Structure formats: C-alpha cells, structure tokens
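Residue-level listing of the chains:
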Amino acid sequence: MSNDRPRQFDDRPLLVFWETTKACLLACYHCRADAQRSPGPGELSTAEGRALIDELAALERPRPVLILTGGDCLMRPDIVDLAAHAQARSVPVAIAPSVTARLTPEILARLRAVGVKTASLSLDGASAGTHESIRGVEGHFSDTMEAIRLLKAHGFTVQINTTVMQNNVHELPGVVRLLRDERVDIWEVFFLINTGRGIGVGALDAAENEDVCHFLVDAARYGFTVRTVEAPFFRRVATERKRASATVTYRTFDVGGLYLRLKSQLDALLGQPEKPVKAPTVATRDGKGIVFVAADGAVYPSGFLPITLGNVRDRGLIAIYREHPLLREIRDARFAGLCGTCEYADLCGGSRARAHATTGDPLGEDPACVRTLVGASV
C-alpha cells in the first residue's frame, strides 16, 4: 500500500477515551484498568482535564466524542464540572460509570443537565451468579438492572458492555432478552484481551469467535445496535452476511456448534426477529478513530494496547494521534501476515491489541480471527 494515500480518521479520532481515574469500588477479575480503591498517583488535574477538552474543542466539527471512563469516572469529585466544561465548548461527552452507590439519581440529573446524553454500564451475564462471579459483588446483578432503568428514566441513551469469555458465552441469548426487555439502545460486546487483571481469564478461540460474531448479527435484529470491541472481524461477518442477502440462512456460512446452540436458544427466548440488522461497519480499531488517555496523561492506541505514544502533559493529544509512526501504520493497514493481505484489511484489520499481546507485534496477525487459522480464502 502507498504510504501517502488518504487514510480514514487520519485528522482526528472518532472517540477519545479518558481514564479519568484508577479509582473504583469494584474488583472485577477481568478489569483492563487494574482499578483500585483510591485514585492513583499523578492523575490529571481538573485544569489539565479542561485543557484536554479545550484541545478537542479547537477541532472543526464533527468533534470527537469524549468518553469519561475509569476505574469509575464517578469517583472523581469534579466529574460534573468537567462535563459542564465540555458542553460549554461543544465537545460531546459520554460516561462509563461503575454500578456502585455513587450512581445516584442526583448525579445522573446533574450530568444530564450539563449535556451528557449517553452512558454505558457493564453486564457480564444473564444471571446473578454469572455476572456477580465476574464483578465480585453480591447483589450487583439486580443493582445493574436497576441502574439501567434509572438511566432510561433520566433520558440517557443506554449502552450495555459485555465481555464475552468461556464462562459466560452460553448466557449471551439471555443477555439479548434482557436488553430487548429493558429497551437498551446499544450492545457493545468486548472480546477478551489478556491485559490488566484479564490475564489468565478464558478467552474464546478463533472458531468460537466466528460463531459468536454470526450470533451477534442475529442479535442485532432485535431493536438495538450491536458493536464489538477488539473484534473488528465482526464487521467482516456482518458485511458477508449482508452481501449474501437478507434471506440467506446461517447454513450458507461456516458456523459451528456454538453458533447453533446460541441461535437455538435465542429463537426459543425471543422468536424470529423482524427488524433489520443494526450493526454499523465504521472501520475503527486501536489507533484508527480511537485513542486512549490514561489517568496519568499517557496516550495509548486504546485501553487494551499498552504501547505508550506520549503524554498530554508534554504534547498535544491530536498531534500525537496524527503523527505517531505506529498510528500512521495502523491507519494505513500495514499489517503482517494474513491481516495485511486480507481483502478486509481496512474494514477490519484485526485487533492490534491482541496481536501485540500474543506476538509482541502490534502490526502482526490477530490470532482470534478464524482466517488466520485456515487462510484468507475462508
């Protein structure tokens, strides 16, 4: 590929994730942030947070969406002030709080009053046993369901994040039913990367990932948008299914027993879907349309790819994003192996975080994609 061709998202990211604090009252065993009970040393101050917002405000519209995450963003006492500053500067903001005693009607009303429209919560199972074994807090499942209803009552667009792994994959159809019943707007499914406290947690293999992606296309016909994190090959699956035609059956595709079980359970719970697939294919990935600012100001391609690109205390975020050689290679789809030669290299491109975690090379193959097992002719 030519190194000077126009690249999508070259000028600015679509999403800026700011880990506002490491502090969180939960201790989830797969936590990327390796969160802790109190703030970490050297976290960005209120003034530094405002400066980051000001930098995004200096861009032309459409400006990146700033996602205030953590840890738990509600552990920051200045969270409403930061959101208000973003609203004053016309920077769109979303929040990703934890479900704890800090998630109250009062704080949600204040955040809505300063323009925050979207909030995401984590739900890692369709049953209390599964979800709470992951989240590490008794009663957390019912608290999460109540939090979803509280967000809806306050007028938030609600996104549910689910990390799929060996010990909860069988409950995905039940999660779909919960999301449909609770009128959730977006389901974002995280495919595990062994980083932070997630090291050693049982990730799915490539064939299982393919089955789950086909299942997610089916799930996207029940009224909410489905997206994935660290599984850009979902866009390939969704595109292949769309090209094949809306009436094609799953038997046209190379699916396995996991898909057949999940699909059978989904049909039994919800019946045949009647709505079109809501699965956007915007070609973002770590470092392409996405950038992550850690609590101490360090910049990474994403929260799952621990390669430091610089620090916002030393250099502007947008300059780092535009000019760092690794991000330019990622946006140019300069990948090794089958990820580089696949016809979906730009639309998908594989998880750069997983390539790095498994091979040490952020431009290497993503072993979680079935194409890396059987070749690009799949």
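Heads up: the structure comes first, above all this text.
For the structure given in this document, a descriptive report is provided here. (Residues numbered from 1 in each chain as written. Predicted model: local features only at pLDDT ≥ 70, side-chain atom pairs only at ≥ 80, totals over all residues. Heavy atoms only, no water.)

### Overview of the overall build of the chain
The line we're drawing: In this text, helices come from DSSP runs of H or I with a minimum length of four residues, and strands from runs of E with a minimum of two, each type numbered from the N-terminal end. Note on exposure labels: buried denotes an accessible area under 20% of the residue type's maximum, exposed denotes more than 50%, and partly exposed covers the range between, all computed with a 1.4 Å probe on protein chains only. It only takes one pair of heavy atoms within 4.5 Å for two residues to be counted as in contact.
Scanning the chain from terminus to terminus reveals 14 helices and eleven strands. For the chain, with 378 residues in total, the buried portion stands at 56%. Sequence separation of at least 24 residues holds for 75% of the intrachain contacts in the chain that already meet a minimum separation of 6.

### Describing the state of the cysteines
Threshold: Two cysteine sulfur atoms form a disulfide, by the criterion used here, when they sit within 2.5 Å.
One pass over the full model with this rule turns up zero disulfides. Cys 213 carries a free sulfur, and the closest cysteine sulfur to it, the one in Cys 369, is 8.5 Å from it. For Cys 348, which is in no disulfide, the shortest distance to another cysteine sulfur is to Cys 369 and amounts to 5.8 Å.

### Observations regarding the packing of helix H2 (residues 79-88) against helix H3 (residues 105-113)
The following threshold applies: Where helices are involved, their axes are fitted lines through C-alpha atoms of the stretch in contact, as for all axes, and angles between N-to-C directions lie from 0 to 180°. For classification purposes, an angle smaller than 35 degrees is called roughly parallel, one larger than 145 roughly antiparallel, one from 65 to 115 roughly perpendicular, and anything else oblique. The crossing is said to be left-handed when, going from far helix to near helix, the turn is anticlockwise and less than a right angle, and right-handed when the turn is clockwise.
Contact pair H2 / H3: the axes reach a minimum separation of 9 Å and the direction vectors enclose 15°. Classified by the angle their axes make, H2 and H3 are roughly parallel. Here H2 and H3 pass one another in a crossing that is right-handed. Along its contact with H2, which presents Ile 79, Val 80, Ala 83 and Gln 87, the element H3 presents Ile 107, Arg 110, Leu 111 and Ala 113.

### Considerations on the packing of aromatic side chains
Applicable threshold: We call Phe, Tyr and Trp rings a pair once their centres come within 6.5 Å, taking the six-membered ring for Trp, and we label the pair stacked below 30 degrees between planes, edge-to-face above 60, and tilted otherwise. For a Lys NZ or an Arg CZ to count as sitting over a ring, it must be within 6 Å of the ring centre and within 35 degrees of the ring normal.
Counting across every chain of the model gives four aromatic pairs. Seen from their ring centres, Trp 187 and Phe 224 are 6.2 Å apart, and the 85° between their planes marks the pair as edge-to-face. A residue pair is termed long-range when its members are at least 10 positions apart, and Trp 187 in strand S6 (residues 186-191) and Phe 224 in the loop between helix H7 (206-219) and strand S7 (225-229) qualify at 37 residues. Owing to a relative accessible area of 1%, Phe 224 belongs among the buried residues under this scheme. Seen in terms of ring centroids, Phe 191 and Phe 233 are 6.0 Å apart; in terms of plane orientation they differ by 85°. Their pairing is edge-to-face. Residue Phe 191 is located in strand S6, and its partner Phe 233 is located in helix H8 (residues 233-244); the two are separated by 42 residues in the primary sequence. One cation-aromatic arrangement involves Arg 331 over Tyr 321; the distance from NZ or CZ to the ring centre is 4.5 Å. Directly above the aromatic system of Phe 335 lies the positively charged group of Arg 352, at a separation of 4.1 Å from the ring centroid.

### A few points about the pattern of salt bridges
Once their charged atoms are close, side chains differing in charge can pair, the charge on each being opposite to the other. What counts here: For salt bridges, the criterion is a side-chain nitrogen of Lys or Arg within 4 Å of an Asp or Glu carboxyl oxygen.
A full pass over the atoms with the stated rule returns 23 salt bridges. As a salt-bridge pair, Lys 22 and Glu 19 come within 3.4 Å of each other at their nearest N and O atoms. By relative accessible area, which is 24% here, Lys 22 ends up partly exposed. The closest approach of N and O atoms between Arg 227 and Glu 188, which form a salt bridge, is 2.9 Å. Here Glu 188 lies in strand S6 and Arg 227 lies in strand S7, a separation of 39 residues in the sequence. In this structure Glu 188 comes out as buried when scored by relative accessible area, which is 11%. Connected through shared salt-bridge partners, Glu 210, Arg 236, Glu 240, Glu 343 and Arg 371 make up one network.

### Observations concerning helix H6 (residues 172-181)
The buried fraction of H6 is high, at seven of ten residues. All buried positions along H6 are accounted for by Leu 172, Pro 173, Gly 174, Val 175, Val 176, Leu 178 and Leu 179. Directly after H6, the chain includes Arg 183, whose backbone phi takes a positive value near 60°.

### Some words on the pairing of strand S1 (residues 15-19)
The condition is simple: Strand pairing follows a simple DSSP-based rule, namely that at least 2 bridges must link the two strands.
Bridge analysis of S1 against strand S2 (residues 65-69) gives five bridges, and the strand direction is parallel. Looking across to S2, one finds that Trp 18 is bridged to Leu 68. The pairing of S1 with strand S9 (residues 289-293) spans four bridges and is parallel. For Val 16, the partnering residue across the bridge sits in S9 and is Val 291.

### Considerations on the nonpolar core
Here is the rule we go by: Buried Ala, Val, Leu, Ile, Met, Phe, Trp, Tyr and Cys residues that are joined via side-chain atoms within 4.5 Å together make up what is termed a nonpolar core.
One finds Trp 187 and Phe 215 to be the most contacted residues of the largest nonpolar core, which totals 95 residues. When residues no more than four places from it in sequence are discounted, the contact partners of Phe 215 are Leu 172, Pro 173, Val 176, Trp 187, Tyr 259, Leu 262, Lys 263 and Leu 266.

### Things to note about helix H13 (residues 352-359)
Among the residues making up H13, those that are buried are Arg 352, Ala 353, Arg 354 and Ala 355. In this structure, the buried residues of H13 make contact with S6, H8, strand S8 (285-286), helix H11 (325-331) and helix H12 (337-341). Within two residues after H13, Gly 360 carries a phi angle of roughly 85°, on the positive side.

### Points about the pairing of strand S5 (residues 157-164)
Counting buried residues along S5, seven of its eight residues qualify, which places the element largely inside the surrounding structure. Bridge analysis of strand S4 (residues 118-122) against S5 gives five bridges, and the strand direction is parallel. Its bridge partner lying in S5, Ser 122 is registered against Asn 161. Relative to S6, S5 is paired through six bridges, and the arrangement is parallel. Looking at S6, one finds that Val 164 is bridged to Phe 191.

That's the geometry; what it means functionally is another story.
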